Amino acid sequence: SLQWYRDNQIPIYGSGMNVDEACAPLLWEDHGNTFAFIAALAFDPPNAWASADQPGACYYYDNKERILNMVRELSSQVDIVAVELQHQETYEPYPIPLQIDEFRELRAAGADIVSGVQSHVPQAQEPYGPQDPGGDGFISYGFGNLFFDQMWSWETRTELAVRHTIYDGKLINSEILTMVLEDFAQPRWATADERADILGRIFAAAPKK
């Protein structure tokens, strides 16, 4: 897969032919806005982790200080630093304490957007405004089963996406979009009542700041 992306000139991040490539940020520019995208895996299996001479994902705990330092440096070099973290897989809307600590640690290091890509159900969202330390930003603790196949419960059929609006180098809006899986991995927009149910669950699960 990695070679196919490379052959077709498709940029990637979070995985690579070795650990240095896997942990490297993807730098991007669009309409004058500059971005750094970083992704890491904080979960098993170990055979998915990249090493010095083997391909795979950037394993978070072996490279945590590297990633935090990268976020600190890039936050002064680009407009938006976005980090995706595959944390411990859960089936609850409430993020676990370790997840809260580590997502907020990335935010404190300078990440504008921190997204969890591990949860099998939608989890809490945590917005930050200009009055907060670090200014505007957003933590998405978990999106749920986006493009997945767990049809066996209502919770695992619901999912989120967050549409961030970047203007003049700043995050000015984050819109929570709600969807429902149909017929195994085919998402559709949630109805008004379904959206109210999904948002009610994730808002109730929001951790205290």
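This text gives an overview of the structure that appears in the document. For clarity, every value in this text was computed on a predicted model and none was experimentally measured.

Turning to the sheet that holds strand β10 (residues 170-182), a few remarks are in order. Across the sheet, which stays open at both edges, the three strands sit in the order β9-β10-β11 with antiparallel pairing between neighbours. Edge positions in the open sheet fall to β9 (158-167) and β11 (186-189), since each of these has one partner strand only. Each neighbouring strand pair of the sheet contributes to a mean axis angle of 40 degrees, computed without reference to strand direction. Bridge analysis of β9 against β10 gives 10 bridges, and the strand direction is antiparallel. Bridge pairing in β10 links I166 to L171. Packing of helix α6 (residues 192-204) onto the sheet brings it into contact with β9, β10 and β11, and relative to β10 it is tilted by some 120 degrees.

In this section: the state of the cysteines. Counted under the stated rule, the structure contains one disulfide. In this model C23 forms its disulfide with C58; the gap between the sulfur atoms is 2.1 Å. On the sign convention where negative means left-handed, the S-S torsion of about 95 degrees between C23 and C58 marks this disulfide as right-handed. Placement of the pair is C23 in helix α2 (residues 19-23) and C58 in the loop between β4 (56-57) and α3 (64-75), with a sequence separation of 35 residues.

The subject of this paragraph is unusual backbone geometry. With an omega of 5 degrees, the peptide bond running from D44 to P45 counts as cis. If you trace the backbone, P45 turns up in the loop between β3 (33-41) and β4. In this model, Q9 sits at a positive phi of 55 degrees, which is unusual for a non-glycine residue. On the accessibility criterion, Q9 (71% relative accessible area) is exposed.

Glancing now at the pairing of β3. Across the nine residues of β3, seven count as buried, placing the element largely inside the fold. Bridge count between strand β2 (residues 26-30) and β3: five bridges; the pairing is antiparallel. Bridge pairing links E29 to T34 in β3. The hairpin formed by β2 and β3 contains two residues between the paired strands, and H31 there has a positive phi angle of roughly 50 degrees.

Moving on, we get to the pattern of salt bridges. A side chain of one charge can pair with a side chain of the opposite charge if their charged atoms are brought near each other. All told, the structure shown has 10 salt bridges when counted by the stated rule. Here R104 and E126 are joined by a salt bridge, their closest N and O atoms 2.9 Å apart. Of the two residues, R104 sits in helix α4 (residues 97-109) while E126 sits in strand β7 (residues 125-128), which places them 22 residues apart along the sequence. Of the residues examined, E126 reaches a relative accessible area of 3% and is grouped as buried. Put simply, R201 and D197 hold a salt bridge, and the shortest N to O gap is 3.2 Å. Of the two residues, R201 and D197 both sit in helix α6, four residues apart, roughly one turn of that helix. A single salt-bridge network, built from bridges that share partners, covers R157, E182, R188 and E194.

Analysis parameters
- Residues numbered from 1 in each chain as written.
- Predicted model: local features only at pLDDT ≥ 70, side-chain atom pairs only at ≥ 80, totals over all residues.
- Heavy atoms only, no water.
- Pairing = 2+ DSSP bridges.
- Helix = DSSP H or I, 4+ residues; strand = E, 2+ residues; numbered from the N terminus.
- Axes fitted to C-alpha atoms, helices over the stretch in contact; angles between N-to-C directions.
- Contact = heavy atoms within 4.5 Å.
- Disulfide = S-S within 2.5 Å.
- Buried < 20%, exposed > 50% of the residue type's maximum accessible area, 1.4 Å probe, protein only.
- Salt bridge = Lys/Arg side-chain N within 4 Å of Asp/Glu carboxyl O.

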